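Listed here are the chains, written in short residue letters.
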Amino acid sequence: MEALFFNANTGFLEAIVRGYKAGILTQSQYANLTQCETLEDFRTQLSATDYGNFLANEPLPISTSTIADKATEVLVEQFKYLRTNAVEPLRKFLDYITYGYMIDNVILLITGTLHERDTHELVKRCHPLGVFDSMPVLCVATNVEELYQSVLIETPIAPYFRECLTASDLDDLNIEIIRNTLYKAYLEDFYNFATTLGSPTSEVMHRILAFEADRRTINITINSFGTELSKELRAKLFPAIGRLFPEGNNQLAKADDIDQVRQICENVSEYRSFFSETPAGASSSGDDFGAMAAQLEDHFFQTEVDLNKQAFLQQFQYGVFYSYMKLKEQEIRNLTWIAECIAQDAKDRIQDFIPIF
Amino acid sequence: MGYGYYSYGLPVFLAAVVALYLLFTGSGEAFNVGRFLEETSPYAWAGTGIGLCIGLSVLGAGWGILVTGSSILGGGVRSPRITTKNLISIIFCEVVAIYGVIIGIVYTAKLQVVPENLLYTPENYFTGYALFWGGLTVGTCNLLCGVAVGITGSTAALADAADPNLFVKILVVEVFGSIMGLFGLIVGLLMVSSAADFSAAGAASAVVSPYVH
């Protein structure tokens with residue numbers, strides 16, 4: 001039934017997004033890029049892709065951060081085109097995508113202010129999709145209450161602060177707690193919004209957001225081993241969506257080491273293989289922990305890319321917009337990795353990126 | 001849930017009120033289907049049928065063109081090569097409207113002027129009903145066919161933009177979809193094949209029922 005009315009408002013933009021997706025780099029293009037000797041070769045190879053001459057005006061020598069920034073600019077231009085041409089409810093859906101970046105920017109500004117960095121430099125480092133009008137004012141805040149009353153109450157992410165106004169002073173641990181609380185509220189809000197959009201958008205987005213929630217739950221659990229984060233506080237940071245909710249979340253809140261985490265995740269068949277590829281005779285020693293954590297990250301990224309690719313298999317739904325943004329971000333991470341390996345002459349690890357198509 | 005209550009409950013309630021009013025005031029026989037069928041002019045049936053035929057056909061064609069056209073335009077931004085080939089989807093949708101026009105012309109040829117006192121013959125009743133139901137059949141078939149071809153055409157355009165080999169394969173699906181409009185055309189022609197033009201009755205005062213003046 002969605003096919004009858006979807007194209008009237010969103011047909012053009014969906015086709016545009018699928019056109020953008022066709023420009024995502026493929027395995028053969030990555031093969032060419034990994035064989036480049038210098039960053040100038042890298043730039044020449046990229047000019048034959050959909051990126052075109054985006055680095056044409058950069059003076060030599062190019063730095064990898066410039067490559068990342070310029071590639072992000074390309075993505076931002078594409079997103080802005082989509083957002084300008086969108087009507088409700090796609091407009092609101094695209095706004096929800098930007099809230100994630102807004103949360104990152106807010107946390108970046110607060111952290112930077114705590115460490116007494118220059119405000120202009122901080123504002124320049126913010127993600128362009130997450131800017132809101134009163135951003136520079138954030139730099140003068142000292143506690144969350146003041147922050148909220150003066151600035152954040154006008155932003156769209158104001159409702160997410162309800163849970164964390166109790167953190168009265170800002171230090172490094174508290175800022176991470178604030179970030180995770182905000183992101184939890186954001187994920188749950190996005191999930192509920194996707195439900196109101198109806199099938200098939202809701203089906204596609206639920207799958208993707210559920211995995212995102214599980215990933216954050218597992219990461220928060222593993223990162224909190226050995227810190228002063230109490231178990232009650234840890235439990236409050238887990239989003240109330242996903243396959244691990246509610247049983248897995250309860251158990252993870254009480255977990256003490258990574259073997260328990262693995263046992264809990266065995267209940268979900270998709271996550272069983274994330275922990276299974278450990279070296280022979282593994283125990284929770286320091287080295288294995290690091291190796292397992294790195295592998296886990298890789299598995300998470302790979303699963304995220306797979307879920308986002310699957311979103312394109314269905315037509316007449318909004319999930320393609322979200323998935324395109326995530327896939328393009330992964331591509332920018334890949335390009336940055338390859339550029340770094342070329343710049344630092346570390347060719348042995350150059351294949352450690354996640355190919356998409 | 002409230003939407004369902006208002007859109008389904010209110011008309012049912014009103015119909016029940018009217019029916020019970022007629023029943024309890026002793027004029028229950030005012031609701032007389034037979035009288036309605038006999039006293040409605042065959043021209044009304046014929047005109048409604050032709051109007052529905054062309055109206056629903058054009059609705060289906062337009063709907064299909066909107067669904068597929070927006071995808072072709074968007075896909076053509078990055079892959080301009082698809083724009084010419086995918087016009088065939090638009091043509092398939094348009095053909096559906098042409099079927100409606102053909103049937104409209106064929107049916108209209110049966111409309112002749114007959115004075116009212118000579119109009120109500122069994123043959124004219126039959127022609128009126130045949131044109132109504134034939135027109136409704138053709139119109140509905142074309143509506144659904146146009147929508148089906150439009151949705152498939154949209155997918156064909158996007159698939160073609162991604163990989164040129166896919167276009168002909170999805171076109172086969174579209175062809176099967178457009179055959180449905182042809183079925184509607186054939187059935188519509190069959191339905192009126194034995195319906196004569198509107199013609200005057202033989203005798204001057206052929207009153208066919210006590211209700212018709």
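Below you will find a few notes about this structure.

Parameters at a glance
- Residues numbered from 1 in each chain as written.
- Chains lettered and ligands numbered in written order.
- Predicted model: local features only at pLDDT ≥ 70, side-chain atom pairs only at ≥ 80, totals over all residues.
- Heavy atoms only, no water.
- Helix = DSSP H or I, 4+ residues; strand = E, 2+ residues; numbered from the N terminus.
- Rg over C-alpha atoms; globule rule 2.2 N^0.38 Å.
- Buried < 20%, exposed > 50% of the residue type's maximum accessible area, 1.4 Å probe, protein only.
- Axes fitted to C-alpha atoms, helices over the stretch in contact; angles between N-to-C directions.
- Parallel < 35°, antiparallel > 145°, perpendicular 65-115°, else oblique.
- Contact = heavy atoms within 4.5 Å.
- 1 Å grid on protein atoms, 1.4 Å probe; cavity = no way out; pocket = protein on both sides within 12 Å on 5 of 7 lines; lining within 4 Å.
- Points joined across faces, edges and corners; volume = space filled by probe spheres on them.
- Nonpolar A, V, L, I, M, F, W, Y, C, P; charged D, E, K, R; others polar.
- Patch = residues over 30% accessible without salt bridge, like charges linked within 9 Å, V, L, I, M, F, W, Y side chains within 5 Å.
- Areas by Shrake-Rupley, 256 points an atom, 1.4 Å probe, with all protein chains shown as cover.
- Salt bridge = Lys/Arg side-chain N within 4 Å of Asp/Glu carboxyl O.

## A look at the overall build of chain A
Then, number 1: Each helix and strand in chain A was counted, giving 15 helices and 0 strands.
Then, number 2: The globule rule puts the C-alpha radius of gyration for 357 residues at 21 Å, and the 21 Å found for chain A is close to it.
Then, number 3: Structurally, chain A occupies a C-alpha span of about 55 × 55 × 50 Å along its principal axes.
Then, number 4: Counting across all 357 residues of chain A, residues that qualify as buried make up 51%.

## Comments concerning the packing of helix α5 (residues 87–108) of chain B against helix α6 (residues 122–162) of chain B
All names here are of chain B.
Then, number 1: Direction vectors running N to C along α5 and α6 enclose 175 degrees, while the axes themselves pass 8 Å from each other. By the angle between their directions, the pair α5 and α6 is classed as roughly antiparallel. The residues of α6 that touch α5, namely those facing Ser89, Phe92, Cys93, Val96, Tyr99, Gly100, Ile103 and Tyr107, are Leu131, Gly134, Gly135, Val138, Asn142, Cys145, Gly146, Val149, Gly150 and Gly153.

## Here's the deal with the environment of valine 131 of chain A
Residue and element names in this part refer to chain A.
Then, number 1: Within the fold, valine 131 resides in the loop between α6 (119–125) and α7 (144–150).
Then, number 2: Considered as a pair, valine 131 and threonine 155 are 24 residues apart in the sequence and their alpha carbons are 9.9 Å apart.
Then, number 3: Setting aside residues up to four positions removed in sequence, valine 131 forms contacts with Met102 and Asn105.

## A look at the side chain of glutamine 78 of chain A
Then, number 1: Following the sequence through the fold, glutamine 78 of chain A ends up in helix α4 (residues 64–84).
Then, number 2: Residue class for glutamine 78 of chain A comes out buried when judged on its relative accessible area of 15%.

## Thoughts on the layout of surface pockets
Then, number 1: Taken as a whole, the largest pocket holds about 1400 Å³ of empty space.
Then, number 2: If you trace the largest pocket, you find 44 residues lining it, with Tyr101, Asp104, Arg179, Glu329 and Arg333 of chain A closest to the centre.
Then, number 3: Among the elements of the structure, α4, α5 (90–114), α6, α8 (172–197), α9 (201–223), α14 (286–311) and α15 (319–343) of chain A are those that each provide at least two residues to the lining of the largest pocket.
Then, number 4: In terms of residues, the lining of the largest pocket owes the most to one element, α8 of chain A, which gives 9 residues.
Then, number 5: When the residues that make up the lining of the largest pocket are grouped by side-chain class, the tally is 20 nonpolar, 9 polar and 15 charged.
Then, number 6: Taken as a whole, the second largest pocket encloses approximately 550 Å³ of empty space.
Then, number 7: In terms of lining residues, the second largest pocket is bounded by 27 residues, among which Arg18, Lys21 and Ala22 of chain A together with Leu158 and Ala162 of chain B are the most central.
Then, number 8: When residues of the lining of the second largest pocket are traced back to their parent elements, those giving at least two are α1 (2–22) of chain A together with α3 (42–78) and α6 of chain B.
Then, number 9: Its residues placed into classes, the lining of the second largest pocket shows 11 nonpolar, 10 polar and 6 charged.

## Details of a nonpolar patch on the surface
Then, number 1: A contiguous nonpolar surface patch, about 470 Å² in accessible area, is contributed by Met180, Leu182, Phe183, Ile186 and Leu190 of chain B.
Then, number 2: Along the polypeptide, isoleucine 186 of chain B turns up in helix α7 (residues 166–191).

## With respect to the pattern of salt bridges
Then, number 1: In total, this model carries 20 salt bridges over all chains according to the counting rule given.
Then, number 2: With a closest N to O distance of 2.8 Å, aspartate 50 of chain A and arginine 78 of chain B form a salt bridge. Of this pair, aspartate 50 of chain A sits in the loop between α3 (39–47) and α4 while arginine 78 of chain B sits in helix α3, placing the two residues on different chains.
Then, number 3: Its relative accessible area of 32% is what places arginine 78 of chain B among the partly exposed residues.
Then, number 4: The shortest N-O distance in the salt bridge between aspartate 95 of chain A and arginine 83 of chain A comes to 2.5 Å. Of this pair, aspartate 95 of chain A sits in helix α5 while arginine 83 of chain A is found in helix α4, placing the two residues 12 residues apart along the sequence.
Then, number 5: Three or more residues joined by partner-sharing salt bridges are found here, namely Glu58, Lys70 and Glu73 of chain A.

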